[in-house]
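Each chain is listed here by its residues.
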Amino acid sequence: MTSTRAIGFDSVKVFGELISLNEIVVSIGVLIATVLLALLSRRGLLKYAERESNAHRSTWYTVSRILAYTIVGIGLLLSVSALGVPLSRFAWLAGALGVGLGFGLQTIFSNFISGLILLFDRTIEVGDFVELESGVTGEVRDIRIRATRIVTNDNIDIIVPNSEFVTGQVVNWTHRDVSRRLRVAFGVAYGTDKNIVKLAALEAAAELPFTLTLDGPHRPQVWLTEFGESSLNYELVVWLNGEATVRPAAVTAAYNWALHSALQRHEIEIPFPQQDVHVRSLFGMTGQDARDALGLEDGGIADDSETNAPESDADNDAVDDVKGAGRDMPGAAEDLAE
């Protein structure tokens, strides 16, 4: 039934209903109160999760997000009801909104639904270290309505649309067991004793604190993987501990450094791509006469003893970088409470 109140300076007419200024103030107050309640309840749950050592961080994050969305949704309904406008009057608005979602808001709506899927599916959770199909790697810090915030190991914030996690391929390095296997490729010159190569590579693995174990099924291994054009190609296969899992680039650099030092200690040559040209005759001359004509020394082999001399071992910077992964980045604790 339509209200019979006269339209005055303290009232407006919306959808055939007179709305007083007091009703507008109450509606706005209800909306603000519910938003504040949603924020306070979410912060309270996250603070509780931080205090309880046995609380699962990602689970409480999901609960806090869903609770906040629910409170805000109820607040919107209460705010409209406070205006005295029947909700049935907004049926046409819901239809128009559906058309808008089908066209202009399709991407936003897709990201919103994808965000809800991430919160409930839990294949990707806050605190996980992920690698996206685009090559982005980092720790998931926040899953919001439209996008997810990832912080890289260089402390750079990257905002990724939620739909990319649902439709694209994502590598979750910490989803299940934190132990992961790393393969570090390297090559040596043909003619090098395989046993010496294996000994040097295992020494390199034993030097680093990221190697999970030196015995058992997860012990380091050395694989001969390929007969290359200029080198015998090997892989040092090691299982990493949890500390190193979230620093793949720095860990690979650390093992490369250790491998190079170990190969130098054992005087193992690391070849570079090269081609040998064999000249059988030069203007009818062969042997030493041809070498003399080219101005080459006897045997044509330069003295490279100084070039291949082992270098003095320096600090492995990549090791320090990975060791620093255990310390939280600046602002990590505050991010969850936002």
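My aim in this report is to walk through the structure given alongside it, one point at a time. Bear in mind that the values here come from a model prediction, so they are computed numbers and not experimental data. Chains are numbered independently. Their residues run from 1 in the order of the written sequence. Predicted model: local features are reported for residues with pLDDT of at least 70 only, side-chain atom pairs are reported and counted for 80 or more only, and whole-chain, interface and lining totals are derived from all residues. In computing side-chain values, all of the structure's heavy atoms are included and hydrogens and water are not.

Our focus in this paragraph is the pairing of strand β4 (residues 137-143). The cut-offs for exposure are 20% and 50% of the maximum accessible area for each residue type, with area from a 1.4 Å probe on protein chains only; residues under the lower value are buried, those over the upper are exposed, and the others partly exposed. Secondary structure elements follow DSSP: runs of H or I of four or more residues count as helices, runs of E of two or more count as strands, with numbering from the N terminus. With five of seven residues buried, β4 lies mostly within the body of the structure. Two strands make a pair as long as DSSP finds a minimum of two bridges between them. Here strand β3 (residues 129-132) pairs with β4 via three bridges, running antiparallel. Residue pairing for β4: Val-130 is matched across the bridge by Gly-138. Inspection of the sheet shows β4 paired to strand β5 (residues 147-151) by four bridges, in the antiparallel sense. Directly across from Asp-142, in β5, lies its bridge partner Arg-149. Counted along the chain from β4 to the antiparallel partner β5, the turn is three residues long.

As summarised here, the arrangement of the five strands in space is β6-β5-β4-β3-β7, forming an open sheet in which the pairing is antiparallel. Edge strands, defined here as strands with exactly one partner in the open sheet, are β6 (157-161) and β7 (170-172). Strand after strand, the sheet turns through a mean of 40 degrees between neighbouring axes, direction not considered. Direction of pairing for β3 relative to β7: antiparallel, over a ladder of three bridges. The residue of β7 that forms the bridge with Glu-131 is Val-171. Only the contacting stretch of a helix is used when fitting its axis, a line to C-alpha atoms as for every element, and angles between N-to-C directions run 0 to 180 degrees.

In terms of burial, strand β10 (residues 232-240) is a largely internal element, eight of the nine residues being buried. Pairing analysis gives nine bridges linking strand β8 (residues 180-188) to β10, with the strands arranged antiparallel. Within β10, the position partnered with Leu-182 by the bridge is Val-238. Relative to β10, strand β9 (residues 221-227) runs antiparallel, the two sharing six bridges.

Moving on, we get to the packing of aromatic side chains. Think of it this way: a Phe, Tyr or Trp ring, Trp meaning its six-membered ring, pairs with another when their centres are within 6.5 Å, and the plane angle makes it stacked under 30 degrees, edge-to-face over 60, tilted otherwise. One pass over the structure, following the stated rule, counts two aromatic pairs. Between the aromatic rings of Tyr-69 and Phe-112, the centroid separation amounts to 6.4 Å while the plane-to-plane angle is 55 degrees, which identifies the pairing as tilted. In this pair, Tyr-69 sits in helix α2 (residues 57-82) while Phe-112 sits in helix α4 (residues 106-121), placing the two residues 43 residues apart along the sequence. In this structure Phe-112 comes out as partly exposed when scored by relative accessible area, which is 28%. Arranged with centres 5.7 Å apart and planes meeting at 15 degrees, the rings of Phe-186 and Tyr-234 form a pair that is stacked. Placement of Phe-186 in strand β8 and of Tyr-234 in strand β10 is noted, with a sequence separation of 48 residues between them.

Taking 1.5 Å as the rise per residue, helix α8 (residues 248-265) with 18 residues should run 26 Å; its terminal C-alpha atoms sit 26 Å apart, in good agreement. Pro-248, Ala-250, Val-251, Ala-254, Tyr-255, Ala-258, Leu-259, Ser-261, Ala-262, Leu-263 and Gln-264 are the residues of α8 that are buried. Glu-267, located one to two residues past α8, shows a positive phi value of around 55 degrees. For a helix, the expected span equals 1.5 Å multiplied by the residue count minus one.

Inspection of the secondary structure puts Leu-40 in helix α1 (residues 21-51). Taking relative accessible area as the criterion, Leu-40 reaches 60% and is therefore assigned exposed. C-alpha separation for the pair Leu-40 and Ser-64, spaced 24 residues apart in sequence, amounts to 10.0 Å.

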